[in-house]
Amino acid sequence: MTRKSSVDLDNPTPEQQADAIASLRAQLSDELNEYCNDVDIWRLCVARKLDVDQSAAMAREWYEWRKTSKVDDVQIAESDNTHPPPYPIRGYNFVADANTVAGQKIKDIQLKMARHFGGGCWHKRDKEGHPIYIERVGLINLKSLFNTCTSTEIFEFHLDMQEFLNRSVFKECSQLAGKDIHRQVVILDMDGLSIGMATHLQAINMLREILSKDQLRYPEYMHRTFIVNAPAIFLTLWKLIKAWLDPRAISKIHILGRNDSKDLLDHIPAENLPAFLGGTCRCSHMPGGCVPCITKNNIPDLPRKAFLSLRHQTQISYTEPLHSYSYDFAPSYSDDDSSGSAISSPAIGGYGSWFGMGKTASPRRRSASADRTPFSTKFSVVYLRFTADRGRGMVVEVLWHQHGAATQAGHIDNDNEVLVYPETLLDPQRAPVLLELKVPNRAGHLVFNWRIANFDEGQAPFPNANEARVPIQLEYSIDNEEDLLKEFNLPPIQRD
C-alpha cells in the first residue's frame, strides 16, 4: 500500500502520527518491529513523506545496515557506564561537562578530530528542548586532517557522534522536555573559511558522502541548522551542497551574515548561546570555554603521557569520601619544584566541614567568577590534572587565601578566601580532567577539595554494597601554566 499525505510532518496531530506509524509497522516483519521504537518508525515515515512502501523499503535497508555493521555494539557514554563522550559537551546530567582529553579510554580518531577539526561541542538546549551542536568549521585544519586521518577513521568518528547523539543526548533532552526530542539544532560557524577550504576537493567529496549516508542512516535528525558568519565564498559552495540535500532539509537551513545573532536568539536562550555567537554564556569553568578549539590554541593539547604518572596518589571511599590538598603558591610556582613548600593536608576535608553538605557555597566565600572581581585583574593560571579509576563522578572546588590569613590553630580565615573554582561535578572515571584556574597574581595559599558525588548529583547509579567497599584511586598534579606548556612543548594559550 502506498499513501502520500498532506500532513504537516513537523506538527502532526497525535492521531495522524499514530496512524502513520501503524501503517508502516503493518508492512514490517516481527523482528524489525521489535527492533524499532516509535521514534524510529516516525523518522522513517517522514523521510519518505508518509509513502508506506518507500518507508518500508528504507526501514529494511536501514535495519540491515545496522545489523551487518554491528552499530549497536558501538560503545558510547551513558549514565550507567564510564565511557568518555566522543566530543566536548556542556550542560547535561548523564555526563558531566567535559573536553576531549587524552585518557586511555578515548579513541585515537577522537583525539585526532579534536586536534585538527575547528572545535565543536554539544552545548545545552534551545527553547524547545532540542540539543545544540556547534562546530567552528572555519577553523578546521583540512591539510593536517587529511594528512593524519583516513576516510575510514573519519566515518568511524562520525558514527560515534551520531550514536552518542541518538542513544544518550536525545534521551536526556526528552526526559527534560517531557516529550520526544529526536532532532538537534546545529550551528556551523564559518568564521575563518578561506577559498582554499571551500574548494578543497577531498573535503567536498567527504562531505557529500557523509550527507548522502546520513539521509539514509540517520534520517530526520535535523531540527534546524544555522550557518553563521558565512563569507561570500560560502554562497558559491552552498549552491553545490544544496544539490545533495532533500528539499525538506534545505528548508530548515538558515544562512546568517556576520555578527547576525537575532535569529539565533529567537530560538536559543541567551544564557545557552556562547558569547562569541551573540549570547551570554562563557562556560568559564571549562578550559576553552563554551567551544574548546585546539586549532585556535584556546586549550592545551596534552598528550596521553601527561596523564599517566600524576604526582599525587590517594584513595577515597564511600565511607571517607573527602580529600584535601594544599600548598603555598607563588606566580611562577609548580608543585614539583623542590624549592616550593607544597604540603599534603593530613586532614581529609579539613577546610570548612560544610564541603559536601550542600551545593551552595558559604556566603562568606567570594567567587572569582562573580561580577565583583575580588582580586586584581592580573592573574596567574594554574592547571589541575586529575583522574579516578572508578566511581560515579567527583566534585571538586578550589580556594585561594592570601598569605597571612591562617590562624595559629592552622585554620583559614574565611573572610580572606577567594572561591577560585566552585563545587563542580566532573567525571574523572570516564577520562582525565584538566581544569584551568585563574588565581591572584601574588603569593597565597591554594586549597583543593575533592569529594564523591552525592546521591542527587548526576545520573550515574550508586554502587552496590560490594562495589562501595572498593576504594577509589585519585591521582592528580598541579602546575602553573608556564611550566605545563614548557614540559610538553605547547604554544601559548590564546584566551578570548
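Residues numbered from 1 in each chain as written. Predicted model: local features only at pLDDT ≥ 70, side-chain atom pairs only at ≥ 80, totals over all residues. Heavy atoms only, no water.

1. Examining the overall build of the chain
Then comes step 1: From N to C terminus, the chain includes 14 helices and 15 strands.
Then comes step 2: In the chain, the proportion of contacts linking residues at least 24 apart, taken out of those at least 6 apart, comes to 77%.
Then comes step 3: Split by element, the accessible area of the chain, about 22,700 Å² in all, is 49% carbon and sulfur. (Helix = DSSP H or I, 4+ residues; strand = E, 2+ residues; numbered from the N terminus. Contact = heavy atoms within 4.5 Å. Areas by Shrake-Rupley, 256 points an atom, 1.4 Å probe, with all protein chains shown as cover.)

2. Things to note about the sheet that holds strand β1 (residues 89-90)
Then comes step 1: Strand order in the open sheet formed by 6 strands is β1-β2-β3-β4-β5-β6, and the pairing between neighbours is mixed. With partners counted over all chains shown, the strands left at the sheet margins are β1 and β6 (253-255), one partner each.
Then comes step 2: Direction of pairing for β1 relative to strand β2 (residues 120-125): parallel, over a ladder of 2 bridges. Counterpart to I89 in the pairing with β2 is W122. (Pairing = 2+ DSSP bridges.)

3. Observations regarding the pairing of strand β13 (residues 433-440)
Then comes step 1: Among the 8 residues in β13, 7 count as buried, and that is most of the element.
Then comes step 2: The pairing of strand β10 (residues 379-388) with β13 spans 8 bridges and is antiparallel. Opposite L384, over in β13, you have L435 as the bridge partner. (Buried < 20%, exposed > 50% of the residue type's maximum accessible area, 1.4 Å probe, protein only.)

4. Notes on the nonpolar core
Then comes step 1: Of all hydrophobic cores here, the largest spans 52 residues; its most connected members are I89, M113, W122, L145 and F164.
Then comes step 2: Among the elements of the structure, α5 (108-116), α6 (142-148), α7 (151-177), α8 (195-198), α9 (201-217) and α10 (232-242) are those that each provide at least two residues to this core.
Then comes step 3: Among the elements that take part in this core, α7 stands out by supplying 10 residues, more than any other.
Then comes step 4: Non-local contacts of F164, meaning those with residues more than four positions away in its chain, are made with I76, A77, P85, P86, I89, F94, W122 and V169.
Then comes step 5: M394, V398, L426 and I478 belong to the second largest nonpolar core, which has 29 residues in total. (Core = buried A, V, L, I, M, F, W, Y, C linked by side-chain atoms within 4.5 Å.)

5. Comments concerning the packing of helix α1 (residues 14-25) against helix α3 (residues 38-47)
Then comes step 1: For the pair α1 and α3, interaxial distance at closest approach is 9 Å and the crossing angle is 90°. In terms of orientation, α1 lies roughly perpendicular with respect to α3. Contact with α1, carried on its side by Q17, A20, I21, L24 and R25, involves D38, I41, W42, L44 and C45 of α3 and no other residues of that element. (Axes fitted to C-alpha atoms, helices over the stretch in contact; angles between N-to-C directions. Parallel < 35°, antiparallel > 145°, perpendicular 65-115°, else oblique.)

6. A closer look at the packing of helix α4 (residues 52-68) against α9
Then comes step 1: Two numbers describe how α4 lies on α9: the axes approach to 9 Å, and their chain directions differ by 110°. As judged from the angle between their axes, α4 and α9 are roughly perpendicular. On α9, the residues that touch M58, W62 and W65 of α4 are Q215, L216 and R217.
Then comes step 2: Taken together, the residues of the contact of α4 with α9 break down into 4 nonpolar, 1 polar and 1 charged. (Nonpolar A, V, L, I, M, F, W, Y, C, P; charged D, E, K, R; others polar.)

7. Some thoughts on the pattern of salt bridges
Then comes step 1: Counted under the stated rule, the structure contains 30 salt bridges.
Then comes step 2: In this structure, E153 engages K112 in a salt bridge whose closest nitrogen and oxygen atoms are separated by 3.1 Å. Of the two residues, E153 is situated in helix α7 and K112 in helix α5; the sequence distance between them amounts to 41 residues.
Then comes step 3: Shared partners join several salt bridges into a network, and the residues in it are D10, R183, E220, R248 and K252. (Salt bridge = Lys/Arg side-chain N within 4 Å of Asp/Glu carboxyl O.)

8. What to know about the environment of R390
Then comes step 1: Within the element layout of this structure, R390 appears in the loop between β10 and β11 (394-402).
Then comes step 2: When the C-alpha atoms of R390 and P471 are compared, they prove to be 8.6 Å apart, with 81 residues separating the residues in sequence.
Then comes step 3: For R390, the residues in contact, after removing those within four places along its chain, are Q429, V470, P471 and I472.
Then comes step 4: A distance of 2.9 Å separates the side chain of R390 from the side chain of D389, its partner in a polar contact.
Then comes step 5: There is a polar contact of 3.3 Å between the side chain of R390 and the backbone oxygen of P471. (Polar contact = N/O pair within 3.5 Å; in protein donor to acceptor, adjacent residues only side chain to side chain.)

9. A short note on the confidence of the model for the chain
Then comes step 1: When pLDDT is averaged along the chain, the result is 87; 87% of the residues meet or exceed 70.
Then comes step 2: The low-confidence segment residues 336-376 (pLDDT under 50) makes 83 contacts with residues lying over four places distant or belonging to another chain. (pLDDT = per-residue confidence, 0-100.)

10. Observations regarding the pairing of strand β15 (residues 472-480)
Then comes step 1: By the criterion of burial, β15 is predominantly enclosed, with 7 of the 9 residues buried.
Then comes step 2: In this sheet, β15 lies alongside strand β7 (residues 312-316) in antiparallel orientation, the contact comprising 5 bridges. Its bridge partner being in β15, Q313 is matched across the sheet by E475.
Then comes step 3: Alignment of β10 against β15, held across 7 bridges, turns out to be antiparallel. Each residue of the ladder has a partner; that of F386, found in β15, is Y476.

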